[in-house]
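Architecture and fold: a report
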Amino acid sequence: MDTRHLIIGNSVAAVAAVEAIREVDETGGIVMVSREPRHVYSRPLISYWLAGKVDDRRMDWRPRSFYDELKVRAVLGKEAVRLDAAKHVVELADGGRIGYEKLLIATGGTPIVPRIKGHDAAGVFTFTEWADAERVRDFIRQRKVGRAVVVGAGMIGVKAAEALAGIGVKVTVVELAPRVLAAALDEPAARLAAGAMTEAGVELRCGAEVEAVVARERHAAAVRLKGGEELPCELVVVAVGVAPNAQLARTTAGAVEVDRGVLVDDLMRTTAPDVYAAGDVAQGREALSGTKRAIPIWPGAFRQGRIAGLGMAGAEPERYDGALVMNSVSVFGLPTVSVGVAAQPPGDAEVLVSENAGVPSYRKVVLKGGRIIGAMLVGDIDRAGIFTGLIRSGTDVSSVKELLLTEQFGVLSLPAEYRKHVVAGAGIEV
Amino acid sequence: MKRIYAREEFCLGCRLCEIHCLVRHSKSKKLIKAFRKERGEVVPGVMVESAGHVTFAMQCRHCDTAPCLEACITGAMHRDKKTGAVICDADKCVGCWMCVMVCPAGAVRRGKDGKEGKAASKCDLCAGDKTPVCVLNCPNEAIVYEER
Amino acid sequence: MRRWLVQPEFKVERDLERCIQCQVCVRQCANDVHSYDEEDEQVSSDGACCVGCHRCATLCPTGAISISRSQLEFKPNANWTPESIRNVYKQAEGGGVLLSAMGTDRPWRVYWDHLLLNASQVTNPSIDPLREPMELVTYLGRKPDQIRVERGPDGKVRLATEITPQLKLQTPIMFSAMSYGSISYNASQALARAAKAAGTFANTGEGGLHPDFRQYASNMIVQVASGRFGVDPDYLNVAAAVEIKIGQGAKPGIGGHLPGEKVDAAISRTRMIPQGSDAISPAPHHDIYSIEDLRQLIYAIKETTQHRKPVSVKIAAVHNVSAIASGAVRAGADIVAIDGLRGGTGAAPTTIRDNVGIPIELALAAVDSRLREEGIRNQASIVAAGSFRSAADVAKAIALGADAVYIGTSACVAMGCHLCQRCYTGKCNWGIATQDPFLTKRLNPDVATRRLTNLLRGWSLEIKEMLGMMGVNAIESLRGNREHLRAVGLSDREMVILGVKPAGE
Ligand SMILES: Cc1cc2nc3c(=O)[nH]c(=O)nc-3n(C[C@H](O)[C@H](O)[C@H](O)COP(=O)(O)OP(=O)(O)OC[C@H]3O[C@@H](n4cnc5c(N)ncnc54)[C@H](O)[C@@H]3O)c2cc1C
Ligand code: SF4
Ligand code: SF4
């Protein structure tokens, strides 16, 4: 089988690309190379796996028959280390070389590890891949871990804390920002989320900076905060963010231009011919600002992968309307959704808020020039997608502004034209 | 593919579609029992929205490029090969609500199925039945099941 | 003032073992009989406003609702019926004219139920309509006194007599006049579409022709009534035929009144009157005081339509109906439509609806006999109207001399009407006789059209069965053939008027 399509990565962006290619090109050879020696699995599920809520089988994001059915040669457990964009060849760590007609870089992100003292002590882990979760689990079992500190209260930190608490570890979360999920939630919303966490027995230290991991016998023994306070623990999970894993692209001596991530246009093409990039590794157009940003979220990775795949197979690509920052995080059972610019609305934006402490529920809509640019929902998140659709479509909602936060808000509240489009549309793409 | 379409101009807002959907997806499948005992447990896939005389029944559009399919982190949300319907495998679903966040029709709701007692709930086109129950039971043919 | 002497007519009961509190009934009743108490989380019903339309009971998914006549009985009194007592209460409280709708519900004799059809046995054998063709096609309009044929230059025989315009019906049943305004847009549309689908005709009534319905105009008869609403040359020319409405069976000698609040933009455009103004149809046509005047109008219409459309004259069945019908035929009417005592309406003073006019059976027989006696029966077709409930009623009417019938009430019932007789309130729960957008959308015209065409199809099949059973293969052979009828339980005099023999003779 000739290698028409070479895909580096085996996660969501890579899979979406493969599926898109196969929609158009049924026979062209596809090779997928992945550093991880595993079948396609879902990274966001690692916290569920650690908590025992998802077993090995359910980690599979695609059925075991996936590679066969889509006629893919999977080269697993091999790392791509060098790219020669001119010669159209990728070199693997074991010295193997694979030529390609079209290449997709879908290498995702790498966890950021601050170079603080003690970061390399045993018992300090990052938490972005299945192997991380396995290491954490094994470590907890072997060392009978009772206390853990999670550094960072972003999405991954919160989910890691939830998993750890779920298996009986006493967790303290340390966050530099004054609140949890600071990028996604504003003060009142974060308060609700924090409430759910503390209720579950998690201790929260917001506005606190980690100075060092205190190690004893090369094993983590405590986390020291600025100011000197020490939080004793046997396990530290560092979850302060991910950066695009653009190492491979950097080996091309500038042929593939890299900023924070690999720069791509609306068709996911990099600056080198026949080289595409998609997912967390890529830095493409952001929907609302129009500027290029690396946004490490799942739906974005899927969309980009799909567009890249279609382009690689020579099909008419679907419209890419830019990545929209969004996330849905269930915080210890409390659903939270944040889409667009919701946490820190620009000064000239109009902000609508409704709160129901009893439920609890918090809803916020950010408008600019009659259009919604952000939405945040905590608790009652039902029908949140309607807001996402409105943000995406840029629909003018000035006429129905009063209804946005009412209980009856629904498709019905929307301008008739848009409503008809949603009700009748088959391929509604918003 | 065949889809369910609302004919807003003829919807009475009676909500019989919701009731029959609930029963169809209940355990008991018995109208009175299901409505009394499983209401709240089973979330109907169709929901009627009304304001004054404008009412219509809304359910999953089974989009060609379905945002929920793209957003689902577990692969629970999938397209049925036979019917083309977008359906959620409650056993795989972990209730992360990514799908709820992205569905522009607001047609995915938080249900109580699945291992954790929470899974996305939505219209499944009655799992391949010839005619979905909402369409079958609408007294005014305000929802139709057809190829368009 | 509280209407404290008038007690509810109906009792609404809810079987709590079946009620699932789904509130469908709450959402369906336009009379606010059912309500949901948020605090008690309980649906309850107050029958005081119930009109007995069964909307809630029909839609209730569990069949939990039953509606019965109020059990509150007066002391039995053969003279003072509960209705008459209640009507006095109502008027004592309101002081106005009591209104009603649909046809009279008084127990006037229904002659159809005293007439029986014949069937062939041994001689003149019956015909199986499933095997043999059965002709129901009916032509309405003036028929020539005699027919002349000649041989053309090509040697072929051809008709030399000029035939005046005719309406061709695939079945001898038409929808009678119900104006857009009295009934909803969707109901009007369904009637027009069903007429077109079934190859028969619907009648605009006096409300004009909505521009949307022009596409069905080839299957519509347009009315010219005393209010002249919506009448212009275009209106007359676009239709298949024109009907001058002199009277209506439910309210002979009475005009009409559509209150201004019902005259919305669409109705105002269709009727060609200002929005919000009362649409008043005067009792008489102010330009018709004699048969000669009627003739002038008939010919004015014929001129306007270049003699291409049959003109019908619709009269109510009143005491001297045959003389009036004869006059109308002599005035040039191609069709005479007679609307009997039991004919329906959207609104009429109860006392007039219930006490004025004569039954259609007697009127029809009298008119047919009179026109035959005068030798002018061929000059006009007779269309009978006024509560045809079944194919048998239709067949009997044809045997009595009708060329075709108009159905109004049956058509409404086919669309869902439950004869609650409250059309005039504008709160028709079935979406038929209302303009309330919340209610009109309840009638999906696709569904209603299908139901109407089904009804016409069913009745037509039954008429064919009856023809076959009588040993004839065309509706023509039954028309005016009273030998096919026998009377049961009628007086000699009634039988003379009906021109039928008693059963057994
Ligand atoms: C714990 C956790 C929870 C998350 N929860 C959410 C969530 O709720 N919602 C959301 O939107 N997002 C979430 N995310 C983010 C989401 O998982 C990512 O956006 C998504 O996985 C990105 O997909 P990707 O295909 O770009 O890359 P990745 O999923 O990062 O996959 C990269 C792939 O490339 C391979 N690879 C990397 N380098 C090389 C190399 N040099 N050679 C060969 N192979 C290589 C890897 O083995 C892997 O297969 C979460 C992430 C984590 C870790
Ligand atoms: S059953 Fe039909 S009419 Fe009733 S609410 Fe549902 S769609 Fe509307
Ligand atoms: S809630 Fe379930 S179906 Fe929806 S995205 Fe999450 S895992 Fe998939």
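From a predicted model like this one, the values you see are computed outputs, not experimental measurements.

Here is what the cut-offs are and how they apply
- Residues numbered from 1 in each chain as written.
- Chains lettered and ligands numbered in written order.
- Predicted model: local features only at pLDDT ≥ 70, side-chain atom pairs only at ≥ 80, totals over all residues.
- Near = placed C-beta within 6 Å.
- Helix = DSSP H or I, 4+ residues; strand = E, 2+ residues; numbered from the N terminus.
- Domains from an automatic or database assignment.
- Contact = placed C-beta atoms within 7 Å.
- Nonpolar A, V, L, I, M, F, W, Y, C, P; charged D, E, K, R; others polar.
- Pairing = 2+ DSSP bridges.
- Axes fitted to C-alpha atoms, helices over the stretch in contact; angles between N-to-C directions.
- Expected span 1.5 Å × (residues − 1).
- pLDDT = per-residue confidence, 0-100.
- Left-handed = near helix turned anticlockwise from the far one by under 90°.

**Comments concerning the site of ligand 1**
- Close to ligand 1 lie 40 residues, the nearest being S11, P44, G108, G279 and W298 of chain A.
- Each of chains A and B places residues next to ligand 1.
- At the level of elements, α1 (12-24), β2 (30-34), α2 (46-50), α6 (155-166), α9 (298-312) and β22 (326-331) of chain A are the ones that each hand at least two residues to the shell around ligand 1.
- When residues of the shell around ligand 1 are sorted by domain, at least three fall in each of domain 1 (5-110 + 243-312) and domain 2 (124-240) of chain A.

**Brief notes about the domain arrangement of chain B**
All names here are of chain B.
- As far as domains go, chain B holds domain 1 (1-59 + 126-148) and domain 2 (62-122).
- Using only C-alpha atoms to locate each centre, domain 1 and domain 2 end up separated by 18 Å.
- Contacts between the two partners involve eight residues from domain 1, matched on the other side by eleven residues from domain 2.
- Partitioned by chemical class, the residues of the side of domain 1 that touches domain 2 number three nonpolar, three polar and two charged.

**Focus on the interface of chain C and chain B**
- Of the residues lining the interface, 16 residues belong to chain C; the matching set on chain B comes to 18 residues.
- Secondary-structure elements contributing two or more residues to the side of chain C that touches chain B are α1 (24-28), α13 (437-440) and α14 (445-470) of chain C.
- The element that contributes the greatest number of residues to the side of chain C that touches chain B is α1 of chain C, accounting for three residues.
- Of the residues contributing to the side of chain C that touches chain B, the split by class is eight nonpolar, three polar and five charged.

**Quick notes on the sheet that holds strand β13 (residues 210-216) of chain A**
Residues and elements named next belong to chain A.
- Strand order across the open sheet formed by three strands is β13-β14-β15, with antiparallel pairing between neighbours. The strands lining the two open edges of the sheet, one partner per strand, are β13 and β15 (230-232). Strand-to-strand twist of the sheet, defined as the mean angle between neighbouring strand axes without regard to direction, takes the value 30°.
- Here three bridges tie strand β14 (residues 219-225) to β15, and the two strands are oriented antiparallel to one another. Bridge pairing in β15 places R224 opposite E230.

**Concerning the pairing of strand β5 (residues 89-92) of chain A**
All names here are of chain A.
- Here four bridges tie strand β4 (residues 80-84) to β5, and the two strands are oriented antiparallel to one another. Residue pairing in the sheet places A80 in a bridge with L92 of β5.
- Linking two consecutive strands that pair antiparallel, namely β4 and β5, is a turn of four residues; a positive phi of about 60° is found at H88 within it.
- In this structure, the hairpin formed by β5 and strand β6 (residues 97-99) is closed by a connection of four residues, where G95 is found at a positive phi of approximately 95°.

**A word on the domain arrangement of chain A**
Residue and element names in this part refer to chain A.
- Each assigned domain of chain A is listed here: domain 1 (5-110 + 243-312), domain 2 (124-240) and domain 3 (333-424).
- Of the residues lining the interface, eleven residues belong to domain 1; the matching set on domain 2 comes to 15 residues.
- The element that contributes the greatest number of residues to the side of domain 1 that touches domain 2 is α2, accounting for four residues.

**Here's the deal with the interface of chain A and chain B**
- With 41 residues of chain A at the interface, the matching set in chain B holds 35 residues.
- Of the residues forming the side of chain A that touches chain B, the biggest block, five residues, is contributed by helix α10 (residues 384-393) of chain A.
- Class assignment for the residues of the side of chain A that touches chain B results in 23 nonpolar, ten polar and eight charged.

**What about the site of ligand 2?**
- Surrounding ligand 2, one finds 13 residues, the nearest of these being C11, C14, C17, A57 and C138 of chain B.
- For the shell around ligand 2, the residue count by class is ten nonpolar, two polar and one charged.

**Section: the arrangement of the chains**
- Across the two pairs of chains in contact, the largest number of contacts is found between chains A and B.
- Contact between chain A and chain C is absent, and the least distance between their C-alpha atoms amounts to 15 Å.

**Topic: helix α7 (residues 187-199) of chain A**
- With 13 residues, α7 of chain A extends 18 Å between its outermost C-alpha atoms, agreeing within 8% with the 18 Å of an ideal straight helix rising 1.5 Å per residue.
- In this structure, the buried side of α7 of chain A is in contact with α6, β12 (203-206), β22, β23 (334-340), β25 (361-368) and β26 (371-378) of chain A.

**Digging into the confidence of the model for chain A**
- Taken as a whole, chain A shows an average pLDDT of 94; of its residues, 98% reach a score of 70 or greater.
- Predicted confidence for residues 426-430 of chain A stays below pLDDT 50, and this span has 18 contacts to residues more than four positions away or in other chains.

**Remarks on the packing of α1 of chain A against α9 of chain A**
Residues and elements named next belong to chain A.
- Packing of α1 against α9 leaves a shortest axis separation of 7 Å and a crossing angle of 35°. Both α1 and α9 take part in a crossing whose hand is right-handed. Where α1 approaches α9, its residues V12, A13, A14, V15, A16, A17, V18, E19, A20, I21 and V24 are matched on the opposing element by W298, A301, F302, Q304, G305, R306, A308, G309, L310 and M312.
- Tallied by class, the residues present in the contact of α1 with α9 amount to 16 nonpolar, three polar and two charged.

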